[in-house]
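# Structural overview for review
Below, each chain spelled out in residue letters.
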Amino acid sequence: MVRRIPSRRRGFTLIELLVVIAIIAILIGLLLPAVQKVREAAARSTCTNNLKQLGLGFHNFHDPNNGLPSNIRPSATSTVRVRWLTYLLPYLEQDNVYNNVNLNVNWHQPVNLAPGFSTRLKVVECPSAPNGQIVDGAPDTSPAWTNIVANGDYSGFYGVSPELETLGLITPGTGRVNNGAISKTTKLRFADFTDGLSNTIHLTESAGRPNVYRNGKLAVTAGGNNRVNGGGWCRPASELNVLRGSSADGLSFPGQYAINVTNGEALGTYPHPYYNVDGTGQVYGFHTGGVNVLYADGSVRFLRSTTDIRTLAALVTRNGGETLANTD
Amino acid sequence: MYKRPAISCLVLLALAFGPFGCGKAESDRKPTFAVEGRVLEGTKPVANATVVFHPVGDAGVKPRGKTDANGVYKLTTYDGDDGAPAGSYRVTVELWATVHADAGPVNRIPAKYSRPESSGFAAEVAEGPTTIEPFVLKK
């Protein structure tokens, strides 16, 4: 009978194990950013598609209605306010939401909320943005700014702030409050876009409202008047109002930095001395290096955050007569 | 056999932490110095006015500021309240406010104050914290 002497099995030394673990950790470290990038690219592509759908909606709306939908406020004292997006709902296959709202009373009235303006619409939510949980409120509810409506990340411009002309940042004569692609009360037709449909921004991103974001960081969580006025997809105040820009840190308005610096000015007081009851949003997307932009011709392109504010203003105006350098 | 893994450990550590040494990109910002002043109408402070400093003989960035309830402004050139580069400036004052919700913001003080040629206001910014004499608007 041969008794096997249990030989000492050759194992791994501690150093060998550590080296293997370190190599695995480095490989994972290399892989994770790549996975994140693919996720972000997919989100950006969904965002592009959302804007494309809205662009198709505008074009389908235009001919039967003899013009584009505008933000309606029948008079300064009227409390009924309707955003263009509401009129566009049937052209975005959201007839059910459209049929559930009563446009003779304001959007914040209980009859309009469920299943109306509190409905989240995928087509107005950028998947890169931290929305979904956030909802927006109205200044006229009691208490004010109770969260009642669903958010949307896409907004257009009424015009360009005349302040930018004094600052020498835009082409003289183009700082007007009503030369953008979205109008108040008056109905715009494509014939009014004399700069050309492909040279005019119809919609862009202003995501994360009503919370205030500055340079990628959450700066203020919305509460009372500490908020960007805007966010709810049914609210005319969610329009970007006028292109104004800010300082590089997003704290001082107006200024020469306009894209991805801040998603808006914190109200402080309501009505605001400059914006009054209108929106205080700014161009802001959660994509690296720029924002998606829908042009009035229905094309969607990526606009880099290094784009000069003069170029951006030229794209915002529909009838400024500016000559444009290549923006891509 | 002991030395080799130790060396490769060091190499791996260097690989893992090497890329974090990048510095901040150089910017073309000029040095700025804190500047503040007041805007008055007669003796009353003017709130929410936009004060713009136009550099004389230079097409660079224009420092600007907004007055608070006491008529006090602090200039911003690149970042909030960072001041202005030293030099000579002509100064304009505007007060943009939205009165009627459908009309958008309009300038509420006379247009001559919004042009550097006609405002009659000038200022010098020194290389250090500067307080500018009040700009007095006439009715």
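Structure: see above.
Helix and strand counts for chain B stand at 1 helix and 11 strands. Element order for chain B, N to C, with α for helix and β for strand: α-β-β-β-β-β-β-β-β-β-β-β. With 139 residues in all, chain B has 33% of them scored as buried. For chain B, contacts bridging at least 24 residues in sequence account for 59% of all contacts bridging at least 6.

What follows is about the overall build of chain A. Scanning chain A from N- to C-terminus turns up 6 helices and 10 strands. Principal axes of the C-alpha set define a box for chain A whose edges measure 105 × 50 × 40 Å. Taking all 328 residues of chain A together, the buried fraction comes to 48%. If you take every contact in chain A between residues at least 6 apart in sequence, the share linking residues at least 24 apart comes to 68%.

Residues and elements named next belong to chain B. Looking at where Ala47 falls in the secondary structure, it is placed in the loop between β2 (44-45) and β3 (50-55). Accessibility expressed as a C-beta count within 10 Å gives 16 for Ala47, which makes it partly exposed. Spatially, the C-alpha atom of Ala47 lies 5.1 Å from that of Asp68, the residues being 21 residues apart in sequence. In this view, Ala47 contacts Thr67, Asp68, Ala69 and Gly71; residues no more than four positions away in its chain are not counted.

With that out of the way, let us pick up the environment of A:Arg189. Note on placement: A:Arg189 falls in the loop between α5 (163-166) and β5 (201-205). In contact with A:Arg189, other than residues within four places in its own chain, are A:Gly67 and A:Leu68.

All names here are of chain B. In this structure, strand β1 (residues 35-41) lies alongside strand β10 (residues 130-131), joined through 2 bridges in parallel fashion. Residue pairing across strands places Val35 opposite Thr130, the latter belonging to β10. Where β1 lies against strand β5 (residues 72-74), 3 bridges are found, and the strand directions are antiparallel. Residue Arg38 lies in a different strand from β5, and its bridge partner there is Val72. The sheet contact formed by β1 and strand β11 (residues 135-137) spans 3 bridges and is parallel. Across the sheet, the residue bridging to Val39 is Phe135, located in β11. In this structure, β1 lies alongside β2, joined through 2 bridges in antiparallel fashion. If you follow Leu40 over to β2, its bridge partner there is Pro45.

Moving on, we get to the sheet that holds strand β9 (residues 121-125) of chain B. Strand-to-strand pairing in sheets goes through backbone hydrogen bonds, with the strands running parallel or antiparallel. Residue and element names in this part refer to chain B. The 4 strands lie next to each other as β4-β3-β6-β9, forming an open sheet whose pairing is antiparallel. Two strands in the sheet have a free side with no partner beyond their single neighbour: β4 (64-66) and β9. Within this sheet the neighbouring strands show an average axis-to-axis angle of 30 degrees, counted without direction. The sheet contact formed by strand β6 (residues 87-94) and β9 spans 5 bridges and is antiparallel. Residue Gly87 lies in a different strand from β9, and its bridge partner there is Val125.

Contacts between the two partners involve 29 residues from chain B, matched on the other side by 33 residues from chain A. It is helix α1 (residues 3-17) of chain B that contributes the most residues to the side of chain B that touches chain A, 7 residues altogether. Along the lines of polarity and charge, the residues of the side of chain B that touches chain A split into 13 nonpolar, 10 polar and 6 charged.

Before going further, it helps to spend a moment on the environment of A:Val149. All names here are of chain A. The topology assignment puts Val149 in strand β2 (residues 149-150). Residue classification places Val149 among the buried residues on the basis of 25 C-beta atoms within 10 Å. Sequence separation of Val149 and Lys187 is 38 residues, and the distance between their C-alpha atoms is 26 Å. Among residues more than four places away in sequence, those in contact with Val149 are Trp107, Leu113, Phe117, Ser118, Val135, Asp136, Gly232, Cys234 and Arg235.

This paragraph deals with the sheet that holds strand β10 (residues 300-304) of chain A. Residue and element names in this part refer to chain A. The strand order across the open sheet formed by 4 strands is β3-β5-β9-β10, and the pairing between neighbours is antiparallel. The open sheet is flanked by β3 (154-155) and β10, the only strands paired with a single partner. Two strands pair when backbone bridges link them, and β5 and strand β9 (residues 290-295) are joined in this way by 3 bridges, in the antiparallel orientation. Pairing of Leu203 across the sheet is with Leu294, part of β9. In the packing of helix α1 (residues 14-65) onto the sheet, contacts are made with β3, β5, β9 and β10, and the angle to β9 comes to roughly 20 degrees.

A few words now on the pairing of β9(A). Residues and elements named next belong to chain A. Taking burial as the measure, the 6 residues of β9 include 5 buried ones, the bulk of the element. Note: β9 against β10, 5 bridges, orientation antiparallel. Paired with Val293 across the two strands is Arg301, which belongs to β10. Between β9 and β10, which pair antiparallel in sequence order, lie 4 residues; one of them, Gly298, sits at a positive phi of approximately 95 degrees.

Residue A:Pro115 is bonded to the preceding A:Ala114 through a cis peptide linkage, with omega at 5 degrees. Summarising the element assignment, A:Pro115 is placed in helix α4 (residues 110-117). At B:Asn48, a position not held by glycine, the phi torsion is positive, near 65 degrees. With respect to the helices and strands, the residue B:Asn48 is situated in the loop between β2 and β3. The partly exposed category is assigned to B:Asn48, around which 17 C-beta atoms lie within 10 Å.

Rules used throughout
Residues numbered from 1 in each chain as written. Chains lettered and ligands numbered in written order. Predicted model: local features only at pLDDT ≥ 70, side-chain atom pairs only at ≥ 80, totals over all residues. Helix = DSSP H or I, 4+ residues; strand = E, 2+ residues; numbered from the N terminus. Buried ≥ 20, exposed ≤ 12 C-beta atoms within 10 Å, placed from the backbone. Contact = placed C-beta atoms within 7 Å. Pairing = 2+ DSSP bridges. Axes fitted to C-alpha atoms, helices over the stretch in contact; angles between N-to-C directions. Nonpolar A, V, L, I, M, F, W, Y, C, P; charged D, E, K, R; others polar.

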